[in-house]
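Fold and geometry: a report
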Amino acid sequence: MGKTGHQTVGVALSVISAAYLHYLHFGLLPIGASCIAAFYGSTAPDWLEIAHAEKMHDGSYRRASVIPHRTITHWAVAWVAFLVWALFSLPNPNPDHTLWLNAIFHTAALGFAMGGISHLLCDIPNPTGVPILMPTSRHRLSLRLWRSGSGIEWLEVTAFWMVGVASWMVH
Ligand SMILES: [Zn+2]
């Protein structure tokens, strides 16, 4: 999936994380932090690769990155472990019991992890896939459903948005 698609899904993840944290009675600041982090988390596996355009001998440009594309930054085990840690380390939502900076740190971590997971879910149907067990290109798994940029990806985006709406209806 391309950047715009990931960002559109990222907004849906902001909505979902906000619904969950609101349900837990977190205040506006921790919820806001989570929303911003979910948006940046949804593109994180790509921007963490630190990519730039590299000029080739024939004058054309291609994408080059410090970390090889779709390896360690797209590693499912790391993102799932991060999400589980973020979920279980959430502090008491009552401001009388928790420093607000601590609450913001943890809710932002949760939003970021949720955004990152959404990125992997959007990349895994593409032929390249994402690494699951080990963070190398040899361990990539692909559902081989459609190519990145295919029109079907808008159905995927819509599905995330439906979950976003549902998360506010059920909580
Ligand atoms: Zn990606």
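Here, the structure is the one placed above.
Residues numbered from 1 in each chain as written. Predicted model: local features only at pLDDT ≥ 70, side-chain atom pairs only at ≥ 80, totals over all residues.

Some details on helix H6 (residues 153-170)
Since there are 3.6 residues in each turn of an α-helix, residues three or four apart along the chain are aligned in direction. Over its 18 residues, H6 runs 26 Å from end to end, which matches the ideal 26 Å to within 8%, given 1.5 Å per residue. Turning to H6, its buried residues number three or more, namely Glu153, Glu156 and Phe160. Burial along H6 is one-sided: seen end-on, the buried residues are contained in an arc of 55°. The outward face of H6, more than 90 degrees from its buried face, is lined by the exposed residues Trp154, Leu155, Met162, Ala166 and Met169. Check the buried side of H6 and you find it contacts helix H1 (3-23) and helix H5 (100-123). (Helix = DSSP H or I, 4+ residues; strand = E, 2+ residues; numbered from the N terminus. Expected span 1.5 Å × (residues − 1). Buried ≥ 20, exposed ≤ 12 C-beta atoms within 10 Å, placed from the backbone. Arc of directions from axis to C-beta. Contact = placed C-beta atoms within 7 Å.)

Regarding the environment of threonine 107
Along the polypeptide, threonine 107 turns up in helix H5. When the C-alpha positions of threonine 107 and alanine 86 are compared, they lie 7.6 Å apart, and in sequence the two are 21 residues distant. Setting aside anything within four residues of it in sequence, one finds threonine 107 in contact with Leu21, Phe26, Pro30, Ile31, Ala33 and Ser34.

Let's talk about the nonpolar core
Counting residues in each nonpolar core, the largest one holds 32 residues, and the members touching the most others are Leu13, Ala38, Ala108, Ala109, Phe112, Ala113 and Met114. Taken together, the elements giving at least two residues each to this core come down to H1, helix H2 (28-41), helix H4 (76-88) and H5. Among the elements that make up this core, the one with the highest residue count is H5 (ten residues). (Core = buried A, V, L, I, M, F, W, Y, C linked by C-beta atoms within 7 Å.)

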